[in-house]
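# Residue-level structural notes
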Amino acid sequence: MTDWIDACAADDIDEEDVIRFDHDGRTFAVYRSMENDYFCTDGFCTHEQVHLADGLVMDHVIECPKHNGQFDYRTGAAKRSPVCENLGTYRVKVEGGRVFIEL
Amino acid sequence: MTQRDYSLLGPDAKRAVKAGLAAADWYHTDIPRKDMKALMKREDRTAIRDTVILFGAMAVFAAIGIWLWPSWWSAPFWLAYGVLYGSAMDSRWHECGHGTAFRTGKYNDWVYQIASFCMVRNPVTWRWSHARHHTDTIIVGRDPEIVAMRPPALFRIVLNFFGIVDGLTGWQRMLVNASGRLDPEEATYVPESEQPRVIRIARIWTAIYAATIALALAMQSILPLMLIGLPRLYGAWHHVLTGVLQHAGLAENVIDHRLNSRTVYMNRISRFIYWNMNFHVEHHMFPMVPYHRLPQLHERIKHDLPAPNRSIWQAYREVLPILRRQLGYHDDFLTRALPRTAQPYRVDLHQSALGEAETTSDGTPKAPAVPAH
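Note that this is a predicted model, so its numbers are computed, not measured.

All names here are of chain B. Estimates place the volume of the largest pocket at around 1100 Å³. If you trace the largest pocket, you find 45 residues lining it, with Trp126, Pro144, Glu145, Arg156 and Asp166 closest to the centre. Elements with a minimum of two residues in the lining of the largest pocket: helix 4 (75–98), helix 6 (123–135), helix 7 (154–160), helix 8 (164–178), helix 9 (186–189) and helix 13 (237–243). Counting residues per element, the lining of the largest pocket draws most heavily on helix 8, at six residues. In terms of residue class, the lining of the largest pocket is built from 19 nonpolar, 15 polar and 11 charged.

So, on to the packing of aromatic side chains. Residue and element names in this part refer to chain B. Here the structure, examined in full by the defined rule, presents 14 aromatic pairs over all chains. Three or more aromatic residues joined by ring pairs form one cluster here, namely Trp69, Trp78, Tyr81 and Tyr85. Just above the ring of Phe272 sits the side chain of Arg92; from NZ or CZ to the centre is 4.9 Å. Looking at Arg121, its charged tip hangs above the ring of Trp93, at a distance of 4.4 Å from the centre.

Residue and element names in this part refer to chain A. By the bridge criterion, four bridges tie strand 10 (residues 92–95) to strand 11 (residues 98–102) in an arrangement that is antiparallel. Directly across from Lys93, in strand 11, lies its bridge partner Phe100. Hairpin connection between strand 10 and strand 11: a loop of two residues separates the two successive antiparallel strands, and Gly96 in this loop has a positive phi of roughly 60 degrees.

Residue and element names in this part refer to chain B. Relative to the elements of secondary structure, Thr242 occurs in helix 13. By relative accessible area, which is 1% here, Thr242 ends up buried. Looking at Thr242, its side chain comes within polar contact range of the main-chain oxygen of His238, at 2.9 Å. Setting aside residues no more than four positions away along its own chain, Thr242 makes contact with Met266, Tyr274 and Ile312.

Here we come to the sheet that holds strand 3 (residues 26–32) of chain A. Residues and elements named next belong to chain A. Across the sheet, which stays open at both edges, the four strands sit in the order 2-3-4-9 with antiparallel pairing between neighbours. If you trace the sheet from one side to the other, it starts and ends with strand 2 (17–23) and strand 9 (89–90), each paired once. Bridging between strand 4 (residues 38–42) and strand 9 involves two bridges; their strand directions are antiparallel. Within strand 9, the residue paired with Thr41 across the bridge is Thr89.

All chains considered together, the criterion is met by 28 salt bridges over all chains. Across the pair Arg33(B) and Asp17(A) runs a salt bridge, and its minimum N-O distance is 2.6 Å. Taken together, the residues span two chains, with Arg33(B) in helix 2 (residues 33–40) and Asp17(A) in strand 2. Owing to a relative accessible area of 25%, Arg33(B) belongs among the partly exposed residues under this scheme. For Asp17(A), a relative accessible area of 4% gives the class buried. Across the pair Glu186(B) and Arg173(B) runs a salt bridge, and its minimum N-O distance is 3.3 Å. Taken together, the residues span a long stretch of sequence, with Glu186(B) in helix 9 and Arg173(B) in helix 8 at a distance of 13 residues. In this structure Glu186(B) comes out as buried when scored by relative accessible area, which is 3%. Bridged by salt links that share partners, the residues Arg4(B), Arg150(B), Glu252(B) and Asp331(B) form one connected network.

Quick notes on the rules
- Residues numbered from 1 in each chain as written.
- Chains lettered and ligands numbered in written order.
- Predicted model: local features only at pLDDT ≥ 70, side-chain atom pairs only at ≥ 80, totals over all residues.
- Heavy atoms only, no water.
- 1 Å grid on protein atoms, 1.4 Å probe; cavity = no way out; pocket = protein on both sides within 12 Å on 5 of 7 lines; lining within 4 Å.
- Points joined across faces, edges and corners; volume = space filled by probe spheres on them.
- Helix = DSSP H or I, 4+ residues; strand = E, 2+ residues; numbered from the N terminus.
- Nonpolar A, V, L, I, M, F, W, Y, C, P; charged D, E, K, R; others polar.
- Phe/Tyr/Trp six-rings, centres within 6.5 Å; stacked < 30°, edge-to-face > 60°.
- Lys NZ or Arg CZ within 6 Å of the ring centre and 35° of its normal.
- Pairing = 2+ DSSP bridges.
- Buried < 20%, exposed > 50% of the residue type's maximum accessible area, 1.4 Å probe, protein only.
- Polar contact = N/O pair within 3.5 Å; in protein donor to acceptor, adjacent residues only side chain to side chain.
- Contact = heavy atoms within 4.5 Å.
- Salt bridge = Lys/Arg side-chain N within 4 Å of Asp/Glu carboxyl O.

Dropping the structure here:
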């Protein structure tokens, strides 16, 4: 059973940026692309317990702030070592100016 | 007096994990997200300029060195070539390994591969080694890149000014890897999935060195080795001179880079060779900031950091006495005072790590009591 969870206002995230969203003991990273599309992944890097919301968003890639590992935040695919394991991703929809994540 | 075991497989490694020092949550100076994004922003222009200058200068110095060979008049040009090969490549290896020097990923990868070859550091192994260094900076038993251990191996450091220990270790590891094996310590931080790449690259390098040696034999001259291989030895001095200052004499087993890393103001030539890694507290605290923005980052957060050393010379005047004291008393280290504008050190996090360190009223830990010196 999945639910659409209200994560934030669409305007809470700058273009080409990321914010942290915590829910029910879990943590996520919510992204807004240059094209104004929204995406959501697990919050922590798969290499170590470092939150990606402090990282750099650039060209559909999130770079981990600790070791510069990179993921494609649209698919969760690991792009650059030291990350080898893909990130979990979650469906996102925007309604009424709010960003909802399917969990 | 505490005996330390810097091996990644020894008792201190287990102790660090048990004490929560492995992959811990480190102190960061607060910077608003907007400012941090501006500091992290990538560009190609500066690194392309610096790389053209670097490789252009190497080509010119090598050409003149070959032209004047075997006259002693060629020596200054080999020394200049050697510093760019055996020292500037250390910082290029470092920055491009982080992937921050260029905006374009493949530029970082190209320079990283060349620099890794020059420094005889397997680009796969050392990417993982350096990731561990950033996760567990100067945590005994966890950090594979501690240069000045306790007691400090001063003779080893002196030898490394000529690349002797690190260069020979690099070539030895290259041959081990080329034979299809990894060093047991390497295997602790290189994932199995990456190990075939370690071996493949080591085999390519071995072939390059074999061809260079064969050419030298055919020419009955060391000239080919003056270009490839030997500069790792005769040009290493600058990267050791600057690199020793990064952490030597400072605290171990703490989780605040202000306690275990050092920022040193340096001249423009050293900063070009070193690619601004003299801003080392800043680099460790925010490794995603490119080298060319570290001076800006320094200005932004210096209110929260210990005062930087004013020069290489002044830094060594601070470091050498403490290293000498550590020969006799391993628990001695420097604790650097914070300005009044800084957030105090978290004594609750560091008291056990700093041994019996006393603290001042503002939370600044003092070095533990040491024998008279």
